[in-house]
Amino acid sequence: MPLACVCCVVLASCDRSSSSLSLKATDITGADFGHDLQLTDFNGQARKLADFRGKVVVVFFGYTHCPDVCPTTMSELASAMKKLGAEADKVQVLFVTADPERDTPEILKQYVTAFDPHFLGLRGTPEQTAQAAKDFKVLIQKNPGNAANYTVDHSSGTYLYDPQGRLRVYVSYGQGADVFAHDIAALLKAS
């Protein structure tokens with residue numbers, strides 16, 4: 001499976017020696033990718049990762065018509081925010097659409113905020129989306145189908161940034177709300 005090979009190479013290249021965090025997901029401190037996002041939020045505001053300095057930033061690529069991975073991950077993140085309690089105010093979840101053709105700002109806002117009103121959806125042109133995916137080493141592939149009912153294959157992991165804006169953690173799909181809550185809390189505590 002090509003995606004598994006890419007993930008192994010990416011994760012193997014990370015420098016874990018600079019991190020003393022006790023994490024449940026994969027420590028990717030020192031990874032040489034995912035330096036920034038330059039997309040627009042569902043309110044029409046241009047956004048980049050530096051806009052959220054001081055918070056743990058969670059980045060997940062998905063799409064609103066996704067039948068399984070996306071709603072599962074978003075539900076896990078919403079549950080993690082509840083587990084964090086007041087600390088959730090120090091976290092910003094960013095859902096980056098892999099399907100900007102269908103995910104209009106209105107659809108994106110309705111979808112993302114249904115999980116948590118503080119979550120933010122980002123989108124760009126197809127070219128900007130492809131560039132963001134490349135920068136994050138995320139696979140996005142639109143599958144042919146009829147014009148309105150197609151699927152999009154995409155990488156299913158989630159990235160966590162510490163409050164200083166450094167990429168620190170990769171959470172594989174299906175690890176659950178407890179892993180998200182634990183590792184986000186660890187990043188908050190370490191800052």
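Basis of the calculations
Position numbers for residues count from 1 along each chain, tracking the sequence in the order it is written. Where totals are concerned, whole chains, interfaces and linings use all residues; where local detail is concerned, this predicted model gives features only for residues with pLDDT of at least 70, and gives and counts side-chain atom pairs only at 80 or more. Only heavy atoms go into the side-chain values, all of them from the structure, while hydrogens and water stay out. Here the axes come from fitting lines to C-alpha atoms, over the contacting stretch only for helices, and the angles between their N-to-C directions go from 0 to 180 degrees. Strands are runs of DSSP state E lasting at least 2 residues, helices are runs of H or I lasting at least 4, and numbering of each runs from the N terminus. Under this scheme an angle from 65 to 115 degrees is roughly perpendicular, one under 35 degrees roughly parallel, and one over 145 degrees roughly antiparallel; angles in between are oblique. Rotating anticlockwise by less than a right angle from the far helix to the near helix defines a left-handed crossing, while the corresponding clockwise rotation defines a right-handed one. We call two residues in contact whenever any of their non-hydrogen atoms come within 4.5 Å of each other. Buried, partly exposed and exposed residues are distinguished by accessible area as a fraction of the type maximum, computed with a 1.4 Å probe on protein chains only: under 20%, between the cut-offs, and over 50%, respectively. Strand pairing requires that DSSP identify at least two bridges connecting the strands.

**Section: the packing of helix α2 (residues 69-84) against helix α5 (residues 177-190)**
Running from N to C, α2 and α5 point in directions that differ by 50°, and their axes come no closer than 8 Å. As summarised for this structure, α2 and α5 are arranged oblique, according to the angle between their axes. Here the hand of the crossing between α2 and α5 comes out right-handed. Every residue of α5 that contacts α2 at Thr 73, Glu 76, Leu 77, Ser 79, Ala 80, Met 81, Lys 83 and Leu 84 is listed here: Ala 177, Asp 178, Phe 180, Ala 181, Ile 184 and Ala 185.

**Re the side chain of Asp 99**
Tracing the backbone through its elements, the reader meets Asp 99 in the loop between β5 (91-97) and α3 (105-115). Judged by its relative accessible area of 0%, Asp 99 falls in the buried class. With near-sequence residues (within four places) excluded, Asp 99 lies in contact with Gly 62, Tyr 63, Tyr 150 and Val 152.

**Description of the sheet that holds strand β10 (residues 167-171)**
In space, the 8 strands of this open sheet follow the order β1-β10-β9-β4-β5-β6-β2-β3, with mixed pairing throughout. Each of the sheet's edge strands pairs with one partner strand only, and the pair in question is β1 (26-27) and β3 (46-47). Pairing analysis gives 3 bridges linking β5 to strand β6 (residues 120-123), with the strands arranged parallel. Across the sheet, the residue bridging to Leu 94 is Leu 120, located in β6.

**Comments concerning the pairing of β10**
By the criterion of burial, β10 is predominantly enclosed, with 5 of the 5 residues buried. In the sheet, β1 pairs with β10 via 2 bridges, with the strands oriented antiparallel. The partner of Thr 26 across the bridge, within β10, is Tyr 170. Bridge count between strand β9 (residues 158-161) and β10: 4 bridges; the pairing is antiparallel. Residue pairing across strands places Tyr 159 opposite Tyr 170, the latter belonging to β10. What sits between β9 and β10 in their antiparallel hairpin is a turn of 5 residues, with Gly 165 showing a positive phi close to 90°.

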